[in-house]
Amino acid sequence: AIFDATNSTKARRDWVLQECTSNSTKRTGVVFVESICDDKDLLDANFLTKVQTSPDYKDMDQQTAMADLRSRVKKYEEAYETIEDDTLS
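Residues numbered from 1 in each chain as written. Predicted model: local features only at pLDDT ≥ 70, side-chain atom pairs only at ≥ 80, totals over all residues. Heavy atoms only, no water.

Examined against the element boundaries, A67 turns out to sit in helix α3 (residues 62-79). Here the alpha-carbon distance between A67 and V51, two residues 16 residues apart in the chain, equals 10.0 Å. (Helix = DSSP H or I, 4+ residues; strand = E, 2+ residues; numbered from the N terminus.)

See below:
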(Lines give C-alpha, C1' and ligand atoms only; values in the text may rest on other atoms or scores of the structure.)
Protein backbone atom coordinates (compact mmCIF):
# COMPACT_ATOMS: atom_id res chain seq x y z
CA ALA A 1 0.00 0.00 0.00
CA ILE A 2 1.04 3.61 -0.43
CA PHE A 3 0.38 6.07 2.38
CA ASP A 4 0.56 9.42 0.61
CA ALA A 5 1.16 12.08 3.23
CA THR A 6 3.58 14.84 4.03
CA ASN A 7 5.36 13.12 6.95
CA SER A 8 7.63 16.15 7.10
CA THR A 9 9.08 15.66 10.57
CA LYS A 10 11.13 12.91 12.15
CA ALA A 11 8.45 12.49 14.83
CA ARG A 12 5.77 11.92 12.20
CA ARG A 13 7.93 9.39 10.33
CA ASP A 14 8.69 7.62 13.64
CA TRP A 15 4.93 7.36 14.27
CA VAL A 16 4.36 5.87 10.80
CA LEU A 17 7.16 3.33 11.40
CA GLN A 18 5.69 2.39 14.78
CA GLU A 19 2.20 1.94 13.33
CA CYS A 20 3.47 -0.21 10.47
CA THR A 21 5.81 -2.42 12.47
CA SER A 22 4.05 -2.83 15.83
CA ASN A 23 1.71 -5.62 14.69
CA SER A 24 3.64 -8.76 15.57
CA THR A 25 1.54 -11.02 13.34
CA LYS A 26 2.23 -9.17 10.10
CA ARG A 27 5.14 -6.76 9.80
CA THR A 28 4.94 -4.15 7.07
CA GLY A 29 7.99 -2.74 5.30
CA VAL A 30 8.24 1.05 5.12
CA VAL A 31 10.07 3.24 2.63
CA PHE A 32 9.96 7.05 2.76
CA VAL A 33 10.41 8.90 -0.52
CA GLU A 34 11.94 12.34 -0.17
CA SER A 35 11.61 14.52 -3.23
CA ILE A 36 13.13 18.00 -3.18
CA CYS A 37 12.58 20.42 -6.06
CA ASP A 38 14.09 23.89 -6.27
CA ASP A 39 13.26 24.57 -9.94
CA LYS A 40 11.17 27.76 -9.70
CA ASP A 41 9.55 27.33 -13.12
CA LEU A 42 8.52 23.76 -12.38
CA LEU A 43 7.19 24.73 -8.95
CA ASP A 44 5.21 27.63 -10.43
CA ALA A 45 3.67 25.32 -13.03
CA ASN A 46 2.78 22.75 -10.36
CA PHE A 47 1.31 25.43 -8.08
CA LEU A 48 -0.80 26.76 -10.93
CA THR A 49 -2.13 23.28 -11.71
CA LYS A 50 -2.91 22.77 -8.02
CA VAL A 51 -4.91 25.99 -7.66
CA GLN A 52 -6.78 25.34 -10.91
CA THR A 53 -7.80 21.79 -10.01
CA SER A 54 -7.99 21.54 -6.21
CA PRO A 55 -11.37 21.81 -4.49
CA ASP A 56 -9.55 23.84 -1.83
CA TYR A 57 -9.31 26.72 -4.29
CA LYS A 58 -12.51 26.38 -6.34
CA ASP A 59 -14.08 29.58 -4.94
CA MET A 60 -10.88 31.70 -4.95
CA ASP A 61 -9.43 33.88 -7.64
CA GLN A 62 -6.09 32.64 -8.98
CA GLN A 63 -3.96 35.33 -7.33
CA THR A 64 -5.43 34.69 -3.86
CA ALA A 65 -5.18 30.92 -4.32
CA MET A 66 -1.52 31.12 -5.38
CA ALA A 67 -0.74 33.31 -2.34
CA ASP A 68 -2.48 30.82 -0.06
CA LEU A 69 -0.65 27.85 -1.55
CA ARG A 70 2.72 29.60 -1.30
CA SER A 71 1.95 30.36 2.35
CA ARG A 72 1.13 26.70 3.00
CA VAL A 73 4.33 25.54 1.32
CA LYS A 74 6.39 28.04 3.34
CA LYS A 75 4.98 26.61 6.58
CA TYR A 76 5.90 23.08 5.47
CA GLU A 77 9.40 24.24 4.53
CA GLU A 78 9.87 25.84 7.96
CA ALA A 79 8.86 22.64 9.76
CA TYR A 80 10.49 20.15 7.37
CA GLU A 81 13.16 17.80 8.70
CA THR A 82 15.10 15.95 6.03
CA ILE A 83 15.50 12.17 6.17
CA GLU A 84 18.92 11.49 7.63
CA ASP A 85 18.62 7.71 8.02
CA ASP A 86 19.30 6.23 4.58
CA THR A 87 17.81 2.90 5.65
CA LEU A 88 14.37 4.57 5.57
CA SER A 89 14.56 5.71 1.96
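On to unusual backbone geometry. Residue N7 is not a glycine yet carries a positive backbone phi of 45°. Looking at the secondary structure, you find N7 in the segment before α1 (10-21).

Here we take up the environment of A11. The residue A11 is located in helix α1 in this model. Take A11: its relative accessible area is 56%, and that puts it in the exposed class. Put simply, A11 and E81 are 70 residues apart on the chain and 9.4 Å apart in space, counted from C-alpha to C-alpha. (Buried < 20%, exposed > 50% of the residue type's maximum accessible area, 1.4 Å probe, protein only.)

Per-residue pLDDT for the chain has a mean of 89; in total, 97% of the residues score no lower than 70. The lowest-confidence element of the chain is α1, averaging 88 in pLDDT; the highest-confidence one is helix α2 (residues 40-53), averaging 96. (pLDDT = per-residue confidence, 0-100.)

All right, on to the pattern of salt bridges then. Summed over all chains, the structure comprises six salt bridges. The partner of D44 in a salt bridge is K40, with the nearest N and O atoms 2.9 Å apart. Here K40 and D44 lie together in helix α2, a separation of four residues that amounts to about one turn. A salt bridge links D44 to R70, with the nearest nitrogen and oxygen atoms 2.9 Å apart. Of this pair, D44 sits in helix α2 while R70 sits in helix α3; the two residues are 26 residues apart in sequence, bridging distant segments of the chain. Note on D44: relative accessible area 21%, which makes it partly exposed. Three or more residues are tied together by salt bridges with common partners; here these are K40, D44 and R70. (Salt bridge = Lys/Arg side-chain N within 4 Å of Asp/Glu carboxyl O.)

With that settled, consider the nonpolar core. One finds F47, V51, Y57, A65, M66 and L69 forming the largest nonpolar core, which totals six residues. Broken down by secondary-structure element, the contributors of at least two residues to this core are α2 and α3. At three residues, the largest contribution of residues to this core is made by α3. Once you skip the residues sitting within four places of it in the chain, M66 turns out to touch D44, F47, L48 and V51. V16, L17, F32 and I83 belong to the second largest nonpolar core, which has five residues in total. (Core = buried A, V, L, I, M, F, W, Y, C linked by side-chain atoms within 4.5 Å. Contact = heavy atoms within 4.5 Å.)

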